[in-house]
Amino acid sequence: MDFVASTLRVNRVPLPQASERVPFPGFRDRLTLVTRILVNGAKGRMGQALIHCARQHAGLQIVAATDVGDDLGGWLPQVDAVIDFTHHDATPGVAALCAAAGKALVIGTTGHDEAEKAAIRAAAGRIPMVWASNYSTGVNTLFWLTRKAAEILGPSFDLEVIETHHRLKKDSPSGTATTLLEILGDVRKVQLEEALRHGRKGIVGERTSSEIGIHAVRGGDVVGDHTVLFAAVGERVELTHKASSRETFANGALRAAAWVVGRAPGVYDMQDVLGLR
Ligand SMILES: NC(=O)c1ccc[n+]([C@@H]2O[C@H](COP(=O)([O-])OP(=O)(O)OC[C@H]3O[C@@H](n4cnc5c(N)ncnc54)[C@H](O)[C@@H]3O)[C@@H](O)[C@H]2O)c1
């Protein structure tokens, strides 16, 4: 409770006037116009961005802000949805608590292992959740374009993904890069575990046409850059997205929270939220 109050107090951004606050699409088809949200990981970079951005949207209310050691479960009766941007080993427990309380969940955290993913999917049998490696509209457009480009360009183009992030990022490759690789693997109909080449070192031999390269660059304060390289003999295509602010992820996750409350149980992603399917 103290932490919620202090977190919201630390953010001294003035609350916009009602006329300046923008509702997300999706609010109007529900009886409850205010979505009450709990932000988990509130002391972190994304948690702070979420608390800041929520103030600019009519129909959203951050009623709780929790972090390590706080009683998330105790807050659940008072919220409609939980947004989790924490650490991969925290998400299964959050999902189980939300499932038990019947609360919608938006997962921004990345880096889950297979056991953690299975536990999260099990919880999705009881509640609706949006689970996306990247909540930016631009990156979701990149996902769509990557699939189209891979389909159009075909197997004569070599595929490489290059991602760059700030020096404090803990997981690698990024969740967004992993989604891009899954899209490429799906189009090429290859088993990713066999096709992936994580960087290259030493006498690795000539590049085979079946491999997909992934390169993780770390440094400074880069919010997140992703490039998909399609390289053939005589030409290459590069699709690049560069995020310059965490607000793009925060606004997308808030939009997902407004969208997911009241949906049927299951796992949705930002392609669903943005109507790109
Ligand atoms: N999906 C997206 O669009 C997107 C965008 C940015 C970051 N991310 C991911 O979100 C996660 C957080 O990123 P960040 O940059 O805010 O990290 P961060 O390290 O700045 O913040 C993480 C916060 O989570 C808290 N935390 C850790 N374990 C917890 C637990 N068990 N319970 C409650 N709180 C806990 C930490 O104390 C910290 O305050 C990472 O996995 C990152 O890759 C996803």
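To keep things clear, this report deals only with the structure shown in the data block. (Residues numbered from 1 in each chain as written. Predicted model: local features only at pLDDT ≥ 70, side-chain atom pairs only at ≥ 80, totals over all residues.)

As a further point, take the environment of Ser-136. Take Ser-136: it is sitting in the loop between strand E5 (128–131) and helix H6 (137–153). On the basis of neighbour counts, which here come to 24 C-beta atoms within 10 Å, the residue Ser-136 falls in the buried class. For the pair Ser-136 and Ala-243, spaced 107 residues apart in sequence, the C-alpha separation works out to 8.4 Å. Beyond its immediate stretch of four places on either side in the chain, Ser-136 contacts Ala-243, Thr-248, Phe-249 and Gly-252. (Helix = DSSP H or I, 4+ residues; strand = E, 2+ residues; numbered from the N terminus. Buried ≥ 20, exposed ≤ 12 C-beta atoms within 10 Å, placed from the backbone. Contact = placed C-beta atoms within 7 Å.)

Another point: the sheet that holds strand E6 (residues 158–165). The strand order E7-E8-E6-E9-E10 describes an open sheet built from 5 strands, whose pairing is mixed. Looking at strand neighbours, the two that pair on one side only are strand E7 (196–198) and strand E10 (235–243), the edges of this open sheet. The average undirected angle you get between the axes of adjacent strands in this sheet is 15 degrees. Pairing between E6 and strand E9 (residues 224–232): 7 bridges, direction antiparallel. Bridging from a neighbouring strand, Leu-159 pairs with Phe-230 of E9. (Pairing = 2+ DSSP bridges. Axes fitted to C-alpha atoms, helices over the stretch in contact; angles between N-to-C directions.)

Here the focus is the sheet that holds strand E2 (residues 60–66). Across the sheet, which stays open at both edges, the 6 strands sit in the order E2-E1-E3-E4-E5-E11 with parallel pairing between neighbours. This sheet does not close on itself; its edge strands, each paired only once, are E2 and strand E11 (266–268). Averaged over all neighbouring strand pairs, the angle between strand axes comes to 25 degrees, with direction disregarded. Pairing analysis gives 4 bridges linking strand E3 (residues 81–84) to strand E4 (residues 104–107), with the strands arranged parallel. Paired with Asp-84 across the bridge in E4 is Ile-107. Helix H2 (residues 45–54) contacts strand E1 (35–40), E2 and E3 of the sheet and is inclined by roughly 155 degrees relative to E2. Contacting E1, E2, E3, E4, E5 and E11, helix H9 (residues 247–260) crosses the sheet at an angle of about 155 degrees to E4.

Moving on: the pairing of E5. Residues Pro-128 and Val-130 point to one face of E5 and Met-129 and Trp-131 to the other, with burial holding for every one of them. In the sheet, E4 pairs with E5 via 3 bridges, with the strands oriented parallel. Across the sheet, the residue bridging to Val-106 is Val-130, located in E5. Taking the sense of rotation as the criterion, the β-α-β connection linking E4, helix H5 (residues 114–123) and E5 turns out right-handed. Sheet analysis places E5 next to E11, joined by 3 bridges and oriented parallel. The residue bridging Met-129 from the neighbouring strand is Val-267, located in E11. (Right-handed = clockwise from strand over helix to strand, strands pointing away.)

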